[in-house]
Amino acid sequence: MILQIVLRYSIHFISAMMGVIAFSAIFHAPKSEYLACGLTGTIGWLTYCVARDLGTDVMICNFIATTVLTLIARIIVIIRRNPITVYLVPGIFPLVPGAGIYYTAYYMFTGYPQLAVTKGIETIEVAGAITMGIIFGSFIAYEYFRQQREFRRLMKD
Amino acid sequence: MEEFENKGKKIREDDPVGKQIPDHVGVMQLASLMGEILLSNGAEIYRVMDTVQRVIKACGYENHSVYVLSNGIFITINEGGPDACTSVKHVPIGSVNLEKLARVNQISRNLCNGYITREMAFAGLQEIKQKVNYTDLGMALAYAFGSAGFDIILGGTLFDSIAAFLIGFGLYYVLKFLSGYGHVSRFPSNIAGALFVTVFAGAFAASELGLSFNNMVIGGIMPLVPGYAITTSIRDLFNGDYLSGIIHLLDAFLTAACIAVGVGVGIMIINYVGGGTMPL
């Protein structure tokens, strides 16, 4: 049972890593940042997987995962000194509702308009959750760094 | 007013282009080139504005004003003075290139800290602007591995992912072929890309190897999904650049709609060819 879970997560880890690194190549990220991009996206995706396996609602899963992803990207920025866009853009892709877009179109064109509407609304909800996640993550990072700055200034005085 | 006009004329007569330009015009050209590279390669508005302002300030001009939209940069230096100058630059929305972004960021940081001179920065920027840092095969493989990887994490099996690998590889060449026709809008190329993915996934599904049509399409369309537009629009909105944020948000919605149309047309074609008996 535990072995199964470990195996499943390792498969997810490897494929998410592969996918995100490939996407950082699609967006021409610097070659030295591939691993950092991959790590950002993979941690975001694994957070989503854990939250989903614990039975959380899809929207909350996406929200938590995107928040974690944004914070990780922010931390890597401090270490690697690059624009945060470099890590955030490829990293967000596992969470973007590509499957939702597909299922909406699929049900629409195979004669299940009601299912299509359900899927469409779910897709928009997921996109909204991602939005909220990025905003929340950015806000936490912003607040944290503001406090750090103030703290440093106080120490100087 | 007349005095300013005369003075402007005089500068132009005395200094033909390329011979010698006033200092603040040189600074403006540098800042505007920097902003252009950042904006056309996918930086958010706040970063472009911040970088341009920092560079102008680092070169010693306090009196300046910068306004950036998602496809234009407006810079004025020494407004109201006799040597006021303004630059208006149209920047068409290009493809995202994160390496150029990172390198321009590096140059601007070095310039502001005084590690490099203005001339070195300008030369560096021009080199970055010209540079092509990828090959077609590399990009096609990136599309292929991206499709394959996301196919597995979104529920596909190993064999689905191999099929998605081939579809992704072909998708890059389809998009490249379409972009060869001069200025093609992104909408038809997105529809055609999604159509290509769906039809080939249908062909793989019809081969009776037990492949899942849904998973192959989901993996295949991942490179088309507007992840970049969503991210940038949210960050622009978060920074208060509502106009540019809304433009990217609209872009994201329309791209998603185009993908849906492409997939839908593909399914109709598969149903028509297979007479409704295809295992979708």
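Quick caveat, the model's predicted, so the values are computed rather than measured.

Caption draft 1: Geometry of the overall build of chain A. Within chain A, the regular secondary structure consists of six helices and zero strands. Order of helices (α) and strands (β) in chain A, N terminus to C terminus: α-α-α-α-α-α. Based on the C-alpha atoms only, the size of chain A along its principal axes is roughly 70 × 35 × 30 Å. Within the span of chain A, comprising 157 residues, buried residues form 49% of the whole. Contacts spanning at least 24 positions in sequence make up 65% of the contacts within chain A whose residues lie at least 6 apart. Element-wise, carbon and sulfur atoms account for 70% of the exposed surface of chain A, whose accessible area totals about 8,000 Å². Taking the 12 positively charged and 8 negatively charged side chains of chain A as two groups, their mean positions are separated by 10 Å.

Caption draft 2: Region of interest: the overall build of chain B. In terms of regular secondary structure, chain B is built from eleven helices and three strands. Helices and strands in chain B line up, N terminus first, as α-α-α-β-β-β-α-α-α-α-α-α-α-α. Here the C-alpha radius of gyration of chain B, 24 Å, is well above what a compact globule of 280 residues would show, namely 19 Å. The principal-axis extent of the C-alpha atoms belonging to chain B is close to 80 × 35 × 35 Å. Per-residue burial over chain B gives 50% buried out of 280 residues.

Caption draft 3: Spatial organisation of the packing of helix 3 (residues 45-58) of chain B against helix 4 (residues 98-112) of chain B. Residues and elements named next belong to chain B. With their axes 9 Å apart at the nearest point, helix 3 and helix 4 run at an angle of 30 degrees to one another. Judged on the interaxial angle alone, helix 4 and helix 3 are roughly parallel. Pair helix 3 / helix 4 crosses with left-handed handedness. Where helix 3 approaches helix 4, its residues Arg47, Thr51, Arg54, Val55 and Ala58 are matched on the opposing element by Asn105, Ser108, Leu111 and Cys112.

Caption draft 4: Highlighting the domain arrangement of chain B. Residue and element names in this part refer to chain B. Parsing chain B into structural domains produces domain 1 (2-130) and domain 2 (136-274). Centre-to-centre separation of domain 1 and domain 2, based on C-alpha positions: 37 Å. Between domain 1 and domain 2, the residue contacts involve nine residues of the former and ten residues of the latter. With both chains or domains summed, domain 1 and domain 2 bury close to 810 Å², and 59% of this area falls on carbon and sulfur atoms. Interface area lost by domain 1 to domain 2 is led by Glu44, Ile45 and Ser70, which between them contribute 48%. Our count for the contact surface shared by domain 1 and domain 2 stands at one salt bridge. With its nearest N and O atoms 2.9 Å apart, the salt bridge here joins Glu44 to Arg235.

Caption draft 5: The arrangement of the interface of chain B and chain A in detail. At the interface, 48 residues of chain B touch 43 residues of chain A. At the boundary of chain B with chain A, the tally comes to zero salt bridges. Scanning the region where chain B abuts chain A turns up seven residue pairs in polar contact (both at pLDDT 80 or more). Where the side of chain B that touches chain A is concerned, the elements lending two or more residues are helix 4, helix 6 (136-153), helix 9 (213-221), helix 10 (227-238) and helix 11 (242-274) of chain B. Here the side of chain B that touches chain A gets ten residues from one element, more than from any other, and that element is helix 6 of chain B.

Caption draft 6: Layout of empty space enclosed by the protein. Residue and element names in this part refer to chain B. As enumerated under the stated definition, the model contains two cavities of 30 Å³ or more in all. One number sums up the size of the largest cavity: a volume of about 110 Å³. What lines the largest cavity is a set of 14 residues, and nearest its centre among them are Leu39, Ser70, Ile93, Tyr228 and His248. Among the elements of the structure, helix 2 (23-40) and helix 10 are those that each provide at least two residues to the lining of the largest cavity. The residue makeup of the lining of the largest cavity, split by class, is eight nonpolar, six polar and no charged. In terms of domain composition, the lining of the largest cavity takes at least three residues from each of domain 1 (2-130) and domain 2 (136-274). As for the second largest cavity, its lining consists of Glu99, Lys100, Arg103, Ile128, Lys131 and Asn133. No other element matches the three residues that helix 4 contributes to the lining of the second largest cavity.

Caption draft 7: Local environment of the sheet that holds strand 1 (residues 64-69) of chain B. Residue and element names in this part refer to chain B. One open sheet holds the three strands; their spatial order is 1-2-3, and the pairing between them is antiparallel. Edge positions in the open sheet fall to strand 1 and strand 3 (85-90), since each of these has one partner strand only. Adjacent strand axes in the sheet meet at a mean angle of 5 degrees when their direction is disregarded. Where strand 2 (residues 72-77) meets strand 3, six bridges bridge the pair, whose relative direction is antiparallel.

Caption draft 8: Representation of a nonpolar patch on the surface. On the surface, a nonpolar cluster with roughly 500 Å² of combined accessible area is contributed by Val261, Val265, Ile269, Tyr272 and Val273 of chain B. With respect to the helices and strands, Val273 of chain B occurs in helix 11.

Caption draft 9: How the structure looks around the pattern of salt bridges. All names here are of chain A. A full pass over the atoms with the stated rule returns 15 salt bridges over all chains. The salt bridge involving Arg8 is made with Asp53; its shortest N-O contact spans 2.6 Å. Of this pair, Arg8 sits in helix 1 (residues 2-26) while Asp53 sits in helix 2 (residues 34-53), and the two are 45 residues apart along the sequence. Overall, Arg8 belongs to the partly exposed group, its relative accessible area being 36%. By relative accessible area, Asp53 is classed as partly exposed at 40%. Because the salt bridges share partners, they merge into one network encompassing Glu143, Arg146 and Glu150.

Caption draft 10: Representation of the pairing of strand 1 of chain B within the structure. Where strand 1 of chain B and strand 2 of chain B come together, six bridges link them in antiparallel fashion. Across the sheet, His64 of chain B pairs through a bridge with Ile77 of chain B, a residue of strand 2 of chain B.

Definitions and limits used
- Residues numbered from 1 in each chain as written.
- Chains lettered and ligands numbered in written order.
- Predicted model: local features only at pLDDT ≥ 70, side-chain atom pairs only at ≥ 80, totals over all residues.
- Heavy atoms only, no water.
- Helix = DSSP H or I, 4+ residues; strand = E, 2+ residues; numbered from the N terminus.
- Buried < 20%, exposed > 50% of the residue type's maximum accessible area, 1.4 Å probe, protein only.
- Contact = heavy atoms within 4.5 Å.
- Areas by Shrake-Rupley, 256 points an atom, 1.4 Å probe, with all protein chains shown as cover.
- Lys, Arg positive; Asp, Glu negative; His and termini not counted.
- Charge placed at Lys NZ, Arg CZ, Asp CG, Glu CD.
- Rg over C-alpha atoms; globule rule 2.2 N^0.38 Å.
- Axes fitted to C-alpha atoms, helices over the stretch in contact; angles between N-to-C directions.
- Parallel < 35°, antiparallel > 145°, perpendicular 65-115°, else oblique.
- Left-handed = near helix turned anticlockwise from the far one by under 90°.
- Domains from an automatic or database assignment.
- Buried area = accessible area lost by both parts, 1.4 Å probe.
- Salt bridge = Lys/Arg side-chain N within 4 Å of Asp/Glu carboxyl O.
- Polar contact = N/O pair within 3.5 Å; in protein donor to acceptor, adjacent residues only side chain to side chain.
- 1 Å grid on protein atoms, 1.4 Å probe; cavity = no way out; pocket = protein on both sides within 12 Å on 5 of 7 lines; lining within 4 Å.
- Points joined across faces, edges and corners; volume = space filled by probe spheres on them.
- Nonpolar A, V, L, I, M, F, W, Y, C, P; charged D, E, K, R; others polar.
- Pairing = 2+ DSSP bridges.
- Patch = residues over 30% accessible without salt bridge, like charges linked within 9 Å, V, L, I, M, F, W, Y side chains within 5 Å.

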